[in-house]
Amino acid sequence: MTDLTFLPGRTALEAVGLGARHRRGWALRDCSFRVPAGRVCALVGPNGAGKSTLLSVAAGLRRADEGALAVLDGAPGGPGVRPRVSYLAQEKPLYPYFTVEDTLRMGRELNPGRWDAAAAERLVKEGNLPPHARVGQLSGGQRTRLALALAFGKRPELLLLDEPMSDLDPLVRHEMTAALMTEAAENATTIVLASHVLAELEGVCDYLLLVGDGRVRLAGEVEDLLSAHRVVVGRHEGGAPPRSFAAHTVISSRTTGRQLTAMIRPEGPIAGQWETEEPSLEDLLLAHLRNPGAPSLLTPSAEPRSRKAAA
Amino acid sequence: MSSLTLAPRGLTWLVLRQRRGAVWTGLAGLFVVVVQLVILRFALLDAVERHDLTGPDPSAGALADFRASYGDVLHYNGLLVQYLPLVVAMIVAGPMVARELESGTYKLAWTQSVTPARWLLAKLAVPAVAVLAGGSLLSAVYTWTWSAVPHELLPGQLWYHSFDMLGPAPVAGALAGIGLGAVAGLLVRRTTGAMAAVLVGYGLLGFALGRLRPRLIPPWTETTPEMPGLAGDDAWRFERGIITRAGERLAEPDCGIGVAPARCLAEHDADRWYLDYHPASHLWPLEWAEAGILLAVAALAGAAALRLVRRPLP
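Residues numbered from 1 in each chain as written. Chains lettered and ligands numbered in written order. Predicted model: local features only at pLDDT ≥ 70, side-chain atom pairs only at ≥ 80, totals over all residues. Heavy atoms only, no water.

Under an unreviewed UniProt entry, the name given to chain A is ABC transporter ATP-binding protein, and the source organism is Streptomyces caatingaensis.

Shown next, in the form of structure tokens:
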């Protein structure tokens, strides 16, 4: 299985001009990006940015209104795709009157030929979930664990998680993250994890998709995105940004007294007396979230291939 | 149970597990009602024979006793059969379909390895099989018990009063109820709202069928110079009127109270009365005609529900 899923160059998600409408307007508009297979991708954005909409389109629960999204090179929810994708919705829907055992049995019954009972049961056992307890009586954390067990048991090639850790205490969150990473490493599962808890992403994700106002703002390898940016600190007077920044893209800049701190995308050497360093992931995300007008940046691997082919 | 080769698998298992309470309640209820109907049949036959009610001159007291003891019992059993379609429709609309959409659990089912269309098919097929097996048994046993009583002993249970309780109509009605329930559930997406919607929808269907029923197969017509009576044997006399000299039919002509029938004819320049009726022998052709319409409704509603489930959800 591993050699089938971990082929460099394979694509987990690819959107071209993707748009999805809800009642009040567009949840996603003109989104184009690519997530290569085998990555752990953070899907980040403020509330209402369209993260959940993107994931439910990918899971085949709703259709795109514009453009197209390919999932594992097929149509979302298509006959060859649905069995290979696991999705965990934000509210973790489970049948409340089912016992833990019934819920796992459902996984087996509805995923014939794919179900990995051992993997699902291991996760449930590690959480000491009583097999005959009803789901409705479980705590939020226990329900999340059971829902994750169901998602893992399907042995997905692509695991879509919508705010999976939001109702977990820090200890369980740490444990679940570890389980997730083991899963990803052992089976080369691609994981797309939507979150607005920035701290839980650092060190976990190697790919990033930042959406805001329904558009893609940043997409690509975390490493490449970080090295494309610099935090610049130095002495500067006056309100206008220094002239030496004109050659670069300024994402954010803030002056405290005589000190200026800026996040820029350098287009070459930065002239002047500046201390520069690579930003942390959190700094990078915050700077882009604070400045919705900053131009978007897609690394080469995040450019959709079909658009390049068409162009 | 899982060791049985006949144990349900896949979506069938899921639907049965989700409605486990209804499955056991339904089986227990069916068992009780069927046993009780069988007992009732033999009690009816026994009472008829004991008091010689079919004889040339049954005692008025014995006949009144018989009607008081058995009329309501038979009628209430019949109501169970008659309202079976509505109960089935409401269960499908509310708990089976709308609740999943309302609570979000459809996301769980649809992101396993089954498509929404197959999920819905299971929600249609499992109750359909239950109705075809259990509903048919119930309707057959009720019809068998009902037919044990000569019609003149229980005039309230004449075939055209009991039409919705007999033969294939309630079974086909329950199948139509499944389809309409699924449509209501998918459209309304709220448990109680969907149940209310299908209650109204099925009620309208029942009303329309009731109006249509006398014309489902051609009735027999009798024309007489004298005004025909509406009472008599077990024929269903559903329309009376006059035929004008021009050949036009006027149903239930308005001649005012106390106007002699002969004058009534003259007032409308008519010369004959007509009576449209179905003899008791029309029961089964009418039943099958109505069942055919209900089956068509079931098929159309089922197809509509499958189309709805393929439509994008917000």
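All names here are of chain A. Even without a glycine there, the phi angle at leucine 72 is positive, about 50 degrees. Within the fold, leucine 72 resides in the loop between strand 4 (66-71) and strand 5 (85-88). Note on leucine 72: relative accessible area 8%, which makes it buried. Even without glycine at this site, aspartate 73 takes up a positive phi of about 65 degrees. Position of aspartate 73 among the secondary structure elements: in the loop between strand 4 and strand 5. Looking at aspartate 73, the relative accessible area reads 56%, which means it is exposed. (Helix = DSSP H or I, 4+ residues; strand = E, 2+ residues; numbered from the N terminus. Buried < 20%, exposed > 50% of the residue type's maximum accessible area, 1.4 Å probe, protein only.)

This next bit is on the pattern of salt bridges. Residues and elements named next belong to chain A. Applying the stated criterion across every chain, the model contains 24 salt bridges over all chains. When the shortest N-O distance is used, the salt bridge between arginine 105 and glutamate 109 registers 2.9 Å. Here arginine 105 pairs with glutamate 109, and both are found in helix 3 (residues 100-110), just four residues apart, close to one helical turn. Take glutamate 109: its relative accessible area is 5%, and that puts it in the buried class. (Salt bridge = Lys/Arg side-chain N within 4 Å of Asp/Glu carboxyl O.)

Right, let's get into the pairing of strand 2 (residues 236-244) of chain B. Residues and elements named next belong to chain B. As paired elements, strand 2 and strand 4 (residues 270-278) share eight bridges and run antiparallel to each other. Bridging from a neighbouring strand, glutamate 239 pairs with aspartate 276 of strand 4. Connecting the antiparallel pair strand 2 and strand 3 (residues 249-251) is a turn made up of four residues, with glycine 247 showing a positive phi of about 90 degrees. (Pairing = 2+ DSSP bridges.)

What follows is about empty space enclosed by the protein. Applying the stated rule across the entire model yields six cavities of 30 Å³ or more. Roughly 130 Å³ of volume is contained in the largest cavity. Taken together, 14 residues line the largest cavity, and the ones lying closest to its centre are Tyr87(A), Leu150(A), Leu108(B), Thr111(B) and Gln112(B). Broken down by secondary-structure element, the contributors of at least two residues to the lining of the largest cavity are strand 5 and helix 5 (140-153) of chain A together with helix 4 (105-110) of chain B. (1 Å grid on protein atoms, 1.4 Å probe; cavity = no way out; pocket = protein on both sides within 12 Å on 5 of 7 lines; lining within 4 Å. Points joined across faces, edges and corners; volume = space filled by probe spheres on them.)

With that out of the way, let us pick up the packing of helix 5 (residues 116-146) of chain B against helix 9 (residues 283-309) of chain B. All names here are of chain B. Where helix 5 contacts helix 9, the axes come no closer than 11 Å and their chain directions differ by 165 degrees. When the axes of helix 5 and helix 9 are compared, the pair comes out roughly antiparallel. Helix 5 and helix 9 meet at a crossing whose hand is right-handed. Contacts from Pro116, Ala117, Trp119, Leu120, Leu121, Leu124, Thr143 and Trp146 of helix 5 reach helix 9 at Leu283, Trp284, Gly302, Ala305, Leu306 and Val309. Residue composition of the contact of helix 5 with helix 9, grouped by class: 12 nonpolar, two polar and no charged. (Axes fitted to C-alpha atoms, helices over the stretch in contact; angles between N-to-C directions. Parallel < 35°, antiparallel > 145°, perpendicular 65-115°, else oblique. Left-handed = near helix turned anticlockwise from the far one by under 90°. Contact = heavy atoms within 4.5 Å. Nonpolar A, V, L, I, M, F, W, Y, C, P; charged D, E, K, R; others polar.)

What follows deals with the domain arrangement of chain B. Residues and elements named next belong to chain B. What the domain assignment lists for chain B is domain 1 (10-216 + 283-309) and domain 2 (220-281). For domain 1 versus domain 2, the distance between C-alpha centres works out to 36 Å. In this complex, domain 1 contributes 11 residues to the contact, which on the side of domain 2 involves 10 residues. Here domain 1 and domain 2 share an interface that buries about 910 Å² over both sides, 63% of which is from carbon and sulfur atoms. At the junction of domain 1 with domain 2, the criterion picks out two salt bridges. Aspartate 276 is the salt-bridge partner of arginine 215, the closest N and O atoms lying 3.4 Å from each other. Inspection of the domain 1/domain 2 interface yields six residue pairs in polar contact (both at pLDDT 80 or more). Of the residues belonging to the side of domain 1 that touches domain 2, the class tally is eight nonpolar, one polar and two charged. (Domains from an automatic or database assignment. Buried area = accessible area lost by both parts, 1.4 Å probe. Polar contact = N/O pair within 3.5 Å; in protein donor to acceptor, adjacent residues only side chain to side chain.)

All names here are of chain A. Counting buried residues in strand 3 (residues 40-44) gives five out of five residues, a clear majority hidden from the surface. Burial of the side chains of strand 3 extends over both faces: Val40, Ala42 and Val44 are buried on one face and Cys41 and Leu43 on the other. Pairing of strand 3 with strand 8 (residues 207-212) involves four bridges; the strand directions are parallel. Bridge pairing links valine 44 to leucine 210 in strand 8.

Moving on to the layout of surface pockets. Residues and elements named next belong to chain B. Volume-wise, the largest pocket comes out at about 1,400 Å³. Every residue lining the largest pocket is counted, 37 residues in all, and those nearest its centre are Ala22, Val23, Gly26, Leu27 and Ala130. Mapped onto the lining of the largest pocket, the elements with two or more residues apiece are helix 1 (10-18), helix 2 (20-50), helix 3 (60-103) and helix 5. No other element matches the 10 residues that helix 2 contributes to the lining of the largest pocket.

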